[in-house]
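As a plain string of letters, each chain reads:
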Amino acid sequence: MTNANISIDEQALQSAIQTFTSLTCRLSSDGLYLDISNSKASASLSMFGAHLCSFIANKDGRERLWISDSAMFDASTPIRGGVPICWPWFGANNKINDAPSHGFVRNQMWRLNQAKEVKDENGEVVETHCYLKPTSLGMFSTPATLNLTLMLKVSTYCEITLITENQSSQRVEVSQAIHSYFAIEDINQVVINGLHGTYYNKLDNTHNNVSPSLYTIKQETDRVHQRAVKSVTDERISLSDGDKNIINILHSGHNSTVVWNPWIEKSAKMKDMSEGGYKTMLCIEAATEPREALLPGQKLVLTQKFD
Ligand code: TA6
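Just so you know, these numbers come straight off a predicted model, no measurement behind them. (Residues numbered from 1 in each chain as written. Predicted model: local features only at pLDDT ≥ 70, side-chain atom pairs only at ≥ 80, totals over all residues. Heavy atoms only, no water.)

Can you explain the pattern of salt bridges? Please cite residues and give values.
The final tally for this structure, using the stated rule, is eleven salt bridges. A salt bridge links D60 to R62, with the nearest nitrogen and oxygen atoms 3.8 Å apart. You can call R62 partly exposed: its relative accessible area is 29%. Note that E159 and K153 form a salt bridge whose closest N and O atoms lie 3.9 Å from each other. Sharing partners across several salt bridges, the network here consists of D60, R62 and R64. (Salt bridge = Lys/Arg side-chain N within 4 Å of Asp/Glu carboxyl O. Buried < 20%, exposed > 50% of the residue type's maximum accessible area, 1.4 Å probe, protein only.)

Next comes the structure, spelled out in C-alpha cells:
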C-alpha cells in the first residue's frame with residue numbers, strides 16, 4: 001500500500017466522518033483506523049480489512065477483543081486477533097489457484113460508506129452505526145456483483161453484520177465467518193456455555209462429535225458446530241472464567257459456530273502468534289460454513305453481537 005493510496009483512503013475517511021461527533025480518523029504506523037467513542041463504548045477498526053481491533057464497554061472499561069503481541073500491521077497479512085472478516089469463502093478454497101485463506105476481503109482496504117448516530121434525550125450519542133464496503137469485490141472469479149456490506153453497531157454492545165447481496169445473474173455459493181478473537185484471562189479456566197449438539201472436528205476430519213456438557217478447552221481446538229436447522233432462531237453463547245461471566249455472544253443468520261484455539265504446537269508455527277498468546281484468547285465465530293447458495297437477487301445476513 002503506497003503512501004499515495006493511504007492518503008486517498010485517509011481523505012475519503014476524513015470526509016465521510018466529518019459530521020459525526022463519535023467518529024475519528026487516525027493514521028498511525030499501524031495503519032488507518034476509524035475510532036469510535038460514544039457515551040456507551042469505544043471501538044477501533046482498521047480500514048485494512050475493516051478489521052475491528054478493540055471494543056471496550058464504558059460500563060466496565062474491559063477490552064473484549066484479543067490482539068496478538070506479534071500481530072503484523074504492515075498490510076502484508078491480516079491482523080492476528082480482533083475480528084477478521086472471512087468472505088466469500090471460509091478456510092481454504094481449493095477450486096481457485098493461490099486463493100488466500102478465508103477469502104480476499106480481509107486483505108484489502110475498505111471504505112466507510114455511511115454512518116449514523118443515535119442520540120438520547122440529552123443529545124448524548126448512545127449508538128454509532130457504520131456501514132463499510134471493500135474496495136475491490138470481483139476478485140478470484142467472484143462476480144463483482146456479489147455485494148458485501150459490513151454494518152458495525154457500537155453501543156453497550158458491539159454488533160457486526162455481514163450483508164451479502166447476489167446482484168449477479170448467476171447462482172453463487174458463499175461461505176463466511178465473523179472470526180472473532182475474544183480476550184480471556186486463562187484458557188485453562190474458560191468454559192463455553194450454550195454450544196450443544198454435534199460438531200465437525202477439522203483436526204481429524206470427523207463428524208458428529210458430541211459437544212461436551214462442560215465445554216472446556218484443553219488442547220488445540222478447531223470445531224464447526226453446525227446447526228441442525230438453518231438458524232431460524234438466534235444462538236446465545238457465553239464465555240465464563242471460573243464463576244465470572246466474561247463475554248455474552250449472540251449469533252443470527254448463521255448455519256454454524258466455529259470454536260478455535262491453536263494451542264501450543266500450532267501457535268509456535270505461527271509467526272504472528274505471540275509466545276503463550278493462546279492462553280488468553282478464544283475464537284468464537286459466527287459462520288456460514290458449509291457454504292450456502294445465493295440465487296440472483298437473494299441476500300444472506302450474518303450477525304454476531306457481543307458485550
Ligand atoms: O476458524 C478457525 C480457522 O479456520 C483455523 O483452521 C485456523 O486456520 C484459523 O481459522 C486462522 O486462520 P488464519 O488464516 O487467520 O491463520
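So much for the structure itself; the text now carries on.
Help me get a handle on the pairing of strand β17 (residues 256-261), residues and values and all.
With six of six residues buried, β17 is to be regarded as a mostly interior element. Covered by surrounding structure in β17 are S256, V258 and W260 together with T257, V259 and N261, the residues of both alternating faces. Pairing between strand β14 (residues 221-226) and β17: six bridges, direction antiparallel. Each residue of the ladder has a partner; that of Q226, found in β17, is S256. By the bridge criterion, five bridges tie β17 to strand β18 (residues 281-294) in an arrangement that is antiparallel. Bridge pairing links T257 to A286 in β18. (Helix = DSSP H or I, 4+ residues; strand = E, 2+ residues; numbered from the N terminus. Pairing = 2+ DSSP bridges.)

Give a description of the site of the ligand that names residues and reports values.
Inspection of the region around the ligand gives R80, F90, S101, H102, R106, H179, K202, D222, V258, W260 and E285 as its neighbouring residues. One of the side-chain nitrogen or oxygen atoms of H102 is found 2.9 Å away from an oxygen atom of the ligand. Here R106 contributes a side-chain N or O atom positioned 2.8 Å from an oxygen atom of the ligand. For the ligand, whose accessible area on its own is 390 Å², the fraction buried by protein is 84%. Class assignment of the residues belonging to the shell around the ligand gives a composition of three nonpolar, three polar and five charged. (Near = heavy atom within 4 Å. Polar contact = N/O pair within 3.5 Å; in protein donor to acceptor, adjacent residues only side chain to side chain. Areas by Shrake-Rupley, 256 points an atom, 1.4 Å probe, with all protein chains shown as cover. Nonpolar A, V, L, I, M, F, W, Y, C, P; charged D, E, K, R; others polar.)

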